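Breakdown of the fold
Residue strings, one per chain:
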Amino acid sequence: MNFFSHFTIEVIATLTVLITVLVLRFLVAKLVKRFAKSSHTIEQRANLVIKYIHLLINIIATIALIVIWGVQKQDILFTVSSITTVIGVAMFAQWSILSNITSGVILFFFFPFKIGDVIKIHDKDFPIQAEIEDISAFHVSLITIDGERITYPNNLLLQKGISIITKKANDTDFTD
């Protein structure tokens, strides 16, 4: 009982943060799924975007809990800057991974094509016309008319001109 009398404010603030995280995660999931249904996006892509946003919410909540429980601000800034530096140096060699993930999120929210569409990628050296088989966090899987499977990175898909040749009608994979 002595713990609660000394840390009442911190315990209440912690509970508030945890409840807020749960509510935000629920609302984000509902909003992204609603957006995905209205734009006829498949559930797998919606779940991937939800996972990214949940990760961001968890990071912010962790920082809030660290502040609530009285870790000195200088220590937080030192720790965060050290971690960011290490991650930045480690990821510099892997910039294409981050670029592809970011491109995957952009493709989810803003591009008009979806699985089943036949697209033409206007690449001067290697033009491609194929059906979209899958869109993942890192790449798009394509199948040509000849049955050739092509894995095309998301970041390159944003850099090239794309024509949608045909669209499949009423192709949604939602179970919700």
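Structure first, text after, so check above.
Here we summarise the structure given alongside this text. Owing to the predicted nature of the structure, the values given are computational and were not obtained by experimental measurement.

**What to know about the overall build of the protein**
Helix and strand counts for the protein stand at six helices and five strands. Counted from the first residue to the last, the protein has its helices and strands arranged as α-α-α-α-α-β-β-β-β-α-β. For the protein, buried positions account for 28% of its 176 residues. Expressed as a percentage of contacts within the protein between residues at least 6 apart in sequence, the contacts between residues at least 24 apart total 60%.

**Quick look at the sheet that holds strand 4 (residues 149-153)**
Taken together, the five strands give an open sheet; going across it, the order is 4-3-2-1-5, and neighbouring strands pair in antiparallel fashion. Looking at which strands have only one partner, the edges of the open sheet turn out to be strand 4 and strand 5 (161-166). Adjacent strand axes in the sheet meet at a mean angle of 40° when their direction is disregarded.

**Description of the side chain of Ser-141**
Relative to the helices and strands, Ser-141 resides in strand 3 (residues 139-144). Ser-141 gets classed as buried once you look at its relative accessible area, which sits at 14%.

**Here's the deal with the nonpolar core**
Most often, soluble globular proteins have nonpolar side chains that are buried together. Counting residues in each nonpolar core, the largest one holds 14 residues, and the members touching the most others are Ile-132, Leu-142 and Leu-157. If you list the elements that add at least two residues to this core, you get strand 1 (118-122), strand 2 (128-135), strand 3 and strand 4. Here this core takes four residues from strand 2, the largest share from any one element. Non-local contacts of Leu-157, meaning those with residues more than four positions away in its chain, are made with Leu-107, Phe-113, Ile-119, Ile-121, Val-140, Tyr-152 and Ile-162. In this structure, Val-28, Ala-29, Ala-46 and Phe-108 belong to the second largest nonpolar core, which totals twelve residues.

**Here we look at a nonpolar patch on the surface**
Where nonpolar side chains cluster on the molecular surface, the patch consists of Leu-15, Leu-18, Ile-19, Val-23, Phe-26, Leu-27 and Leu-31 and spans about 680 Å² of accessible area. Positionally, Leu-18 belongs in helix 2 (residues 8-38). With a relative accessible area of 42%, Leu-18 lands in the partly exposed category.

**Regarding the pattern of salt bridges**
Per the counting criterion, the structure on display carries two salt bridges. A salt bridge links Arg-149 to Glu-133; the nearest nitrogen and oxygen atoms lie 2.5 Å apart. In this pair, Arg-149 sits in strand 4 while Glu-133 sits in strand 2, placing the two residues 16 residues apart along the sequence. With relative accessibility at 35%, the residue Glu-133 sits in the partly exposed group.

**Topic: helix 2**
Turn by turn, an α-helix covers 3.6 residues, leaving residues three or four places apart pointing in a common direction. Along its 31 residues, helix 2 runs 45 Å from first to last C-alpha, staying within 8% of the 45 Å computed at 1.5 Å per residue. Listed in full, the buried residues belonging to helix 2 are Val-11, Thr-14, Val-17, Val-21, Val-28, Ala-29, Val-32 and Ala-36.

**Some remarks on the pairing of strand 4**
Consecutive residues of a regular strand have side chains that alternate between opposite faces of the sheet. Only one face of strand 4 is covered, namely the one carrying Ile-150 and Tyr-152; the face carrying Arg-149, Thr-151 and Pro-153 has none of its residues buried. By the bridge criterion, five bridges tie strand 3 to strand 4 in an arrangement that is antiparallel. Residue pairing in the sheet places Leu-142 in a bridge with Ile-150 of strand 4. Count of turn residues in the strand 3/strand 4 antiparallel hairpin: four residues, of which Gly-147 carries a positive phi of about 90°.

**A look at the environment of Lys-120**
Tracing the backbone shows Lys-120 in strand 1. Owing to a relative accessible area of 31%, Lys-120 belongs among the partly exposed residues under this scheme. Sequence separation between Lys-120 and Ser-163 is 43 residues, and the spatial gap between their C-alpha atoms is 5.0 Å. For Lys-120, the residues in contact, after removing those within four places along its chain, are Ile-128, Gln-129, Gly-161, Ile-162, Ser-163 and Ile-165.

**Considering the side chain of Asp-123**
Considering the arrangement of structural elements, one finds Asp-123 in the loop between strand 1 and strand 2. One polar contact links the side chain of Asp-123 to the main-chain amide nitrogen of Asp-125, over a distance of 3.3 Å. Aside from chain neighbours lying at most four places away, what touches Asp-123 is Tyr-152 and Lys-160.

Quick notes on the rules
- Residues numbered from 1 in each chain as written.
- Predicted model: local features only at pLDDT ≥ 70, side-chain atom pairs only at ≥ 80, totals over all residues.
- Heavy atoms only, no water.
- Helix = DSSP H or I, 4+ residues; strand = E, 2+ residues; numbered from the N terminus.
- Buried < 20%, exposed > 50% of the residue type's maximum accessible area, 1.4 Å probe, protein only.
- Contact = heavy atoms within 4.5 Å.
- Pairing = 2+ DSSP bridges.
- Axes fitted to C-alpha atoms, helices over the stretch in contact; angles between N-to-C directions.
- Core = buried A, V, L, I, M, F, W, Y, C linked by side-chain atoms within 4.5 Å.
- Patch = residues over 30% accessible without salt bridge, like charges linked within 9 Å, V, L, I, M, F, W, Y side chains within 5 Å.
- Areas by Shrake-Rupley, 256 points an atom, 1.4 Å probe, with all protein chains shown as cover.
- Salt bridge = Lys/Arg side-chain N within 4 Å of Asp/Glu carboxyl O.
- Expected span 1.5 Å × (residues − 1).
- Polar contact = N/O pair within 3.5 Å; in protein donor to acceptor, adjacent residues only side chain to side chain.

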